[in-house]
Amino acid sequence: MAFPVKWFASQMQGAPSLGDTTAGALTALLKAVLVTGFGTLTLTSLVWDAAEGAAKATFSGGHAYLQDSVIEVSGASPAAYNGEHRAKKVSSTEVWFELDGGNPGSAASGTMSMKVAPLGWTLTHESGDGMVAIYRPTNVSESGNVSLRIDNTAYSGWVGTTYLGYLAKVAMVEDVVDINTFTLIYEHRWPCTGRYSDKKWDLVGDSQLVYFLPAYASHSYQPLLMFGYIKSVRPGDRFTQP
């Protein structure tokens, strides 16, 4: 089943944290959400629950996967259990999710794992310390030449003064040659740690566009930050700015 839009939150199983004052937290968070996924756990069992009309995964040690999020299962046999699925229902130790083909015919076996599924973007460049990274939608035939560059180093002035918090350099770039060679379209600042806030964050996105809402400063307000492509009806529109 295809899930073009996915939701991510700081309360999810194994969700990356923006931390307190550590550089690199934002690039690690975006890599997990956009590219790799996060929160991998080993399943104790995986069966078909006829009463729910869904597969039921059990974790002996409990979990924090959330209802309506998209999870990814791997390592199961029959293979029909594998792939991306939306969590239909959760308890403290179980996750139910629907399967396109219905009942696979038997309980699953194998070394089975579950994680929060990523959005499927591409990490094209990354510094050795992981603090600078460039991401882009994987399908460039739809998105074109523009990429998102994050500089999450502890640069001079990365601590905000008007509204207390830590800020990363976020840029929309094109014609990328390497991590430091590109054409700058626009540069902005995004909150990149949880300092002074309640450290909550949410992100909603698809293969072309992301909305990021990190809590910022002492009131923990969540600004709406975005990057990607929209289907504009305005002639000449090329970009959605970060």
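Analysis parameters
- Residues numbered from 1 in each chain as written.
- Predicted model: local features only at pLDDT ≥ 70, side-chain atom pairs only at ≥ 80, totals over all residues.
- Heavy atoms only, no water.
- Pairing = 2+ DSSP bridges.
- Helix = DSSP H or I, 4+ residues; strand = E, 2+ residues; numbered from the N terminus.
- Axes fitted to C-alpha atoms, helices over the stretch in contact; angles between N-to-C directions.
- Core = buried A, V, L, I, M, F, W, Y, C linked by side-chain atoms within 4.5 Å.
- Buried < 20%, exposed > 50% of the residue type's maximum accessible area, 1.4 Å probe, protein only.
- Contact = heavy atoms within 4.5 Å.
- Phe/Tyr/Trp six-rings, centres within 6.5 Å; stacked < 30°, edge-to-face > 60°.
- Salt bridge = Lys/Arg side-chain N within 4 Å of Asp/Glu carboxyl O.

**As for the sheet that holds strand S4 (residues 54-58)**
Part 1 of the reasoning: The strand order S2-S8-S5-S6-S7-S4-S3 describes an open sheet built from seven strands, whose pairing is antiparallel. Each edge of the open sheet carries a strand with a single partner, namely strand S2 (38-42) and strand S3 (45-49). Going across the sheet, the axis of each strand differs from the next one's by a mean of 35 degrees, ignoring polarity.
Part 2 of the reasoning: Pairing geometry for strand S5 (residues 70-74) and strand S8 (residues 113-116), over four bridges, is antiparallel. Looking across to S8, one finds that Ile71 is bridged to Val116.

**Regarding the nonpolar core**
Burial of nonpolar side chains together is a common tendency in soluble globular proteins.
Part 1 of the reasoning: Within the largest apolar cluster, 56 residues are counted, with the highest numbers of intra-cluster contacts made by Phe8, Leu26, Leu46, Phe97, Met114, Trp201 and Leu203.
Part 2 of the reasoning: Sort the elements by how many residues they give to this core and helix H1 (residues 25-36) lands first, with six residues.
Part 3 of the reasoning: With near-sequence residues (within four places) excluded, Phe97 lies in contact with Leu46, Ala54, Ala55, Ala57, Ile71, Val73, Tyr81, His85, Arg86, Ala87, Lys88 and Met114.

**Digging into H1**
Since the α-helix advances by 3.6 residues per turn, residues separated by three or four positions end up pointing in the same direction.
Part 1 of the reasoning: The set of residues buried in H1 consists of Ala25, Leu26, Thr27, Leu29, Leu30, Ala32, Val33 and Leu34.
Part 2 of the reasoning: One or two steps after H1, the chain reaches Gly37, where phi turns positive at roughly 80 degrees.

**A closer look at the pairing of strand S9 (residues 122-126)**
Part 1 of the reasoning: Inspection of the sheet shows S9 paired to strand S10 (residues 132-136) by four bridges, in the antiparallel sense. Counterpart to His125 in the pairing with S10 is Ile134.

**Focus: the environment of Ser109**
Part 1 of the reasoning: Along the chain, the position of Ser109 falls in the loop between strand S7 (94-97) and S8.
Part 2 of the reasoning: In sequence terms Ser109 and Ala76 are 33 residues apart; their C-alpha atoms lie 5.7 Å from each other.
Part 3 of the reasoning: Once residues lying within four places of it in the same chain are set aside, the contact partners of Ser109 are Gly75, Ala76 and Ser77.

**Overview of the packing of aromatic side chains**
Part 1 of the reasoning: Under the criterion given, the structure shown has five aromatic pairs.
Part 2 of the reasoning: Considering the side-chain rings of Phe8 and Phe38, the 6.3 Å spacing of their centres and the 50 degrees angle between planes classify their relative orientation as tilted. A residue pair is termed long-range when its members are at least 10 positions apart, and Phe8 in strand S1 (residues 6-9) and Phe38 in strand S2 qualify at 30 residues.
Part 3 of the reasoning: Taking relative accessible area as the criterion, Phe8 reaches 1% and is therefore assigned buried.
Part 4 of the reasoning: Ring centres of Trp158 and Tyr166 lie 4.7 Å apart, and the angle between their planes is 80 degrees; on these two criteria the pair is classed as edge-to-face. For the pair shown, Trp158 and Tyr166 are each scored as buried.

**Details of the pattern of salt bridges**
Close approach of charged atoms allows side chains of opposite charge to pair.
Part 1 of the reasoning: Within the structure shown, the criterion is met by eight salt bridges.
Part 2 of the reasoning: Among the salt bridges present, the one from Asp20 reaches Arg195, with a minimum N-O distance of 3.0 Å. Within this pair, whereas Asp20 is found in the loop between S1 and H1, its partner Arg195 is found in the loop between strand S14 (181-191) and strand S15 (201-205), the two being separated by 175 residues in sequence.
Part 3 of the reasoning: Of the residues examined, Arg195 reaches a relative accessible area of 32% and is grouped as partly exposed.
Part 4 of the reasoning: With a closest N to O distance of 3.2 Å, Lys31 and Glu126 form a salt bridge. Remark: Glu126 occurs in strand S9 and Lys31 occurs in helix H1; sequence separation between them is 95 residues.
Part 5 of the reasoning: By sharing partners, the salt bridges in this structure join Asp20, Arg195 and Lys199 into a single network.

Remember that the coordinates give geometry; whether it matters functionally is a separate question.
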